[in-house]
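Architecture and fold: a report
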Protein chains: 2
Amino acid sequence: MTAHAEHLAVIAQADIFHNLDTPALRSVMAYAVAAHYQEGEFVFYQDDPAERVYVLAEGRLRLLQLTPEGAQINMGLVSPGQAIAVISLLEAQRYPVSAQAIGSALVLSWSRRDLHHLMIGCPQIALNALQELSQRMIEFQDRLRELTTERVERRIARGLLRLARQAGRKTEQGVLIDLPVSRQDLAEMTGTTLFTVSRTLSQWEERGIISAGRERILIRFPHGLVTIAEDLPAPHPPPSEKPSDSQV
Amino acid sequence: MTAHAEHLAVIAQADIFHNLDTPALRSVMAYAVAAHYQEGEFVFYQDDPAERVYVLAEGRLRLLQLTPEGAQINMGLVSPGQAIAVISLLEAQRYPVSAQAIGSALVLSWSRRDLHHLMIGCPQIALNALQELSQRMIEFQDRLRELTTERVERRIARGLLRLARQAGRKTEQGVLIDLPVSRQDLAEMTGTTLFTVSRTLSQWEERGIISAGRERILIRFPHGLVTIAEDLPAPHPPPSEKPSDSQV
DNA sequence: CGTATTTTTGAAGCGATTCAATGGACGTGG
DNA sequence: CCACGTCCATTGAATCGCTTCAAAAATACG
């Protein structure tokens, strides 16, 4: 399905199309293909030939990598405006990850040929893509450092904070992760097991830092998480305002 | 020091300047600055304002990241022709790692302004940079996956194989890592401790897979490493041709 | 209301780290 | 050329953080 005028605003807001003038945006749009995905559907699969570059318009995507042994790890969350599979610009490459829709998602995409052509005509696009990739590179370096040098509890704290930044919604009670996140998901994001995640969250819940349910996490006291993530001395005890039970 | 004509060949071979015509190469050269570094000197330091993009012409660089606690991890090895610090294209960024010379190194560099200007005039440069970054991104994803899912022995095997690919020199005895690599270095590359690396290498040496000395590693039987890295069933026993001792 | 999925919790075990002490290689200067 | 100091590597023993496995509880959903 070719993109329509309604997508122009979306395209204009995408990171890799920043600072383009209207004519440029129009030609970008002319080559765009829009597609809709339902919860759980895959936009592309790891190891398939990489032929298109995608920009998420609405919804969210999860990037997954499967190990040869069948274990799964979470390579990141994609939010609207972000581009993925920039690798497709190279010839004869394969997607290094799979991209799966969380909830329903609207995705625009361009073929290698077309995007290449657009970039030659408008170098700003390539520069924007470079920026986005660089940023993500730094994020990966950070994750790598964390994995090699930090204990699990700290990594989980960081993982939660990252999630909060990308998909947090402020409520009166605190910051709610506005996505279904299972213990398993968190484990895949932080390089541990769902058991350890469960234990850690329970501990935090006792301390009043968070409030967790089935696939649902509410951060009541973000600063508490920060002190864990940064390994600072324990702060003031969190404001103890638990919903119901008060005798502990 | 401004680059001279002698650097033109180097520039033409750099990955990010591939497929440029001679006029373009000349203008790239016009903006280049060349600098020489001695063993151990730093090209730039982590957290310094990122103002230049570098291309390694000769020698090798080590990319290091320092944790807040002072631990160090090795973010990769840079070989001639590779570009680093592409992040400098963004404004107001800081280098996420430090770059240190191994042996003596010749480095060319461009200011943000100049390279930006060159890229606008010649989009191919930006596309090349995108390619290079994408490749490195995949490498990082792999390392991340390895770190979260694989045991130490396997990671060390992979680390050694990577080193062999980047800096291996074939000899009659096997593949020699053509760089001083300490146990500590390997530990920083693979996310473990120098003790565990030492133990692992000793074990491999007993099995005849490698032959290790002080900051020196010779891979006698690369296939043995591959089977460890890929977790294949143990292969034929390695060709047992130890230099001296034969009674074991 | 039954079934499926997610989560919790306990107990056992192990891989890897930590620490300490020793050994060996290298370079330097007497 | 030997003696020395420095740096790197090895090895053992103790410990621990985390995983693994099993079982039960809690929650969602048709």
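Residues numbered from 1 in each chain as written. Chains lettered and ligands numbered in written order. Predicted model: local features only at pLDDT ≥ 70, side-chain atom pairs only at ≥ 80, totals over all residues. Heavy atoms only, no water.

**As for the pairing of strand β9 (residues 210-213) of chain A**
Residue and element names in this part refer to chain A. Examined bridge by bridge, β9 and strand β10 (residues 216-219) share four bridges and lie antiparallel to one another. Within β10, the residue paired with Ala212 across the bridge is Ile217. If you look at the hairpin formed by β9 and β10, you'll find two residues sitting between the two strands, and Glu215 has a positive phi there, around 60 degrees. (Pairing = 2+ DSSP bridges. Helix = DSSP H or I, 4+ residues; strand = E, 2+ residues; numbered from the N terminus.)

**A look at the pattern of salt bridges**
Under the definition given, this model contains 23 salt bridges over all chains. For the salt bridge of B:Arg154 with A:Glu69, the shortest nitrogen-to-oxygen distance reads 3.2 Å. Note that B:Arg154 is positioned in helix α5 (residues 152-167) and A:Glu69 in the loop between β3 (52-66) and β4 (72-78), a pairing that runs across two chains. Assessed through its relative accessible area of 11%, B:Arg154 is described here as buried. Using a relative accessible area of 52% as the deciding quantity, one classes A:Glu69 as exposed. A salt bridge links A:Arg207 to A:Glu153, with the shortest nitrogen-to-oxygen separation between them at 3.8 Å. With A:Arg207 in the loop between α7 (194-206) and β9 and A:Glu153 in helix α5 (residues 152-167), this residue pair connects regions lying 54 residues apart in the sequence. It is possible to trace a salt-bridge network through shared partners that takes in A:Glu69, B:Asp142, B:Arg145, B:Glu146, B:Glu150, B:Arg154, B:Arg158, B:Arg162, B:Glu230 and B:Asp231. (Salt bridge = Lys/Arg side-chain N within 4 Å of Asp/Glu carboxyl O. Buried < 20%, exposed > 50% of the residue type's maximum accessible area, 1.4 Å probe, protein only.)

**Looking at the interface of chain B and chain A**
Tallying the contact residues gives 41 residues for chain B and 41 residues for chain A. Roughly 3900 Å² of surface becomes buried between chain B and chain A when both sides are summed, with 77% attributable to carbon and sulfur atoms. Among the elements that make up the side of chain B that touches chain A, the one with the highest residue count is helix α4 (residues 123-149) of chain B (22 residues). The class makeup of the residues in the side of chain B that touches chain A is 23 nonpolar, 12 polar and six charged. (Contact = heavy atoms within 4.5 Å. Buried area = accessible area lost by both parts, 1.4 Å probe. Nonpolar A, V, L, I, M, F, W, Y, C, P; charged D, E, K, R; others polar.)

**Observations regarding the protein's contact with DNA strand D**
Residues in close proximity to DNA strand D total 18 residues, the closest being A:Val152, A:Thr192, A:Thr196, A:Arg214 and B:Ser198. Sugar plus phosphate, as a fraction of atoms of DNA strand D within 4 Å of the protein: 65%. Between DNA strand D and A:Val152 there is a distance of 2.7 Å, counted from a phosphate oxygen to a backbone nitrogen or oxygen. A:Thr193 is positioned such that a nitrogen or oxygen atom in its side chain is 3.5 Å from a phosphate oxygen of DNA strand D. Broken down by secondary-structure element, the contributors of at least two residues to the surface near DNA strand D are α7 of chain A together with α7 (194-206) of chain B. (Near = heavy atom within 4 Å. Polar contact = N/O pair within 3.5 Å; in protein donor to acceptor, adjacent residues only side chain to side chain.)

**Brief notes about the relation of the copies chain B and chain A**
Of the transformation superimposing chain B on chain A, the axial component is 0.0 Å and the angular component is 180 degrees, with the fit at an RMSD of 0.0 Å. On the angle and the small slide along the axis, the relation comes out as a two-fold axis. Of every C-alpha in chain B, the one belonging to B:Pro123 sits nearest the axis of rotation, 2.6 Å from it. When you check the interface residues of chain B against chain A, 100% turn up at the interface there too, and the contact is symmetric in its surfaces. (Least-squares fit on C-alpha atoms with pLDDT ≥ 70 in both.)

**Examining α7(A)**
Residue and element names in this part refer to chain A. The end-to-end C-alpha distance of α7, which contains 13 residues, comes to 18 Å, matching closely the 18 Å that a straight helix rising 1.5 Å per residue would cover. The set of residues buried in α7 consists of Val197, Thr200, Leu201 and Trp204. One face of α7 carries all of its buried residues, which in axial projection span an arc of 100 degrees. Residues of α7 that are exposed and angled more than 90 degrees away from the buried face: Phe195, Arg199 and Glu206. In this structure, the buried side of α7 is in contact with α5, α6 (183-190), β9, β10 and α8 (222-229). One or two residues past the end of α7 sits Gly208, with phi positive at roughly 85 degrees. (Expected span 1.5 Å × (residues − 1). Arc of directions from axis to C-beta.)

**Thoughts on the sheet that holds strand β7 (residues 168-170) of chain B**
Residue and element names in this part refer to chain B. Strand order in this open sheet of four strands is β7-β8-β10-β9, and the pairing throughout is antiparallel. Two strands in the sheet have a free side with no partner beyond their single neighbour: β7 and β9 (210-213). Pairs of neighbouring strands in the sheet enclose a mean axial angle of 20 degrees, with direction left out of account. Sheet topology note: the β7/strand β8 (residues 175-177) ladder contains three bridges and is antiparallel. Opposite Gly168, over in β8, you have Ile177 as the bridge partner. (Axes fitted to C-alpha atoms, helices over the stretch in contact; angles between N-to-C directions.)

**Considerations on unusual backbone geometry**
Trans is the prevailing form of peptide bonds, just as negative phi is the prevailing case for residues other than glycine. Notably, A:Asn19 is not glycine yet its phi reads approximately 60 degrees, a positive angle. Within the chain, B:Ala92 stands out as a residue other than glycine whose phi angle is a positive 60 degrees. Examined against the element boundaries, B:Ala92 turns out to sit in the loop between β5 (83-84) and β6 (98-111).

**So, the protein's contact with DNA strand C**
With respect to spatial proximity, 18 residues lie near DNA strand C, and among them A:Ser198, B:Val152, B:Thr192, B:Thr196 and B:Arg199 are the closest. Take the atoms of DNA strand C that sit within 4 Å of the protein: sugar and phosphate atoms are 61% of them. One of the backbone N or O atoms of A:Arg183 is found 3.0 Å from a phosphate oxygen in DNA strand C. B:Arg199 places a side-chain nitrogen or oxygen 2.8 Å from a base oxygen of DNA strand C.

**As for the domain arrangement of chain A**
Residues and elements named next belong to chain A. Domain annotation for chain A reports domain 1 (5-147) and domain 2 (151-229). Between domain 1 and domain 2, the buried area comes to about 1200 Å², and carbon and sulfur atoms account for 47% of it. Together, Asn74, Leu77 and Glu146 form the three largest contributors to the area buried by domain 1 at its contact with domain 2, with a combined 39%. Joining domain 1 to domain 2, the criterion identifies two salt bridges. (Domains from an automatic or database assignment.)

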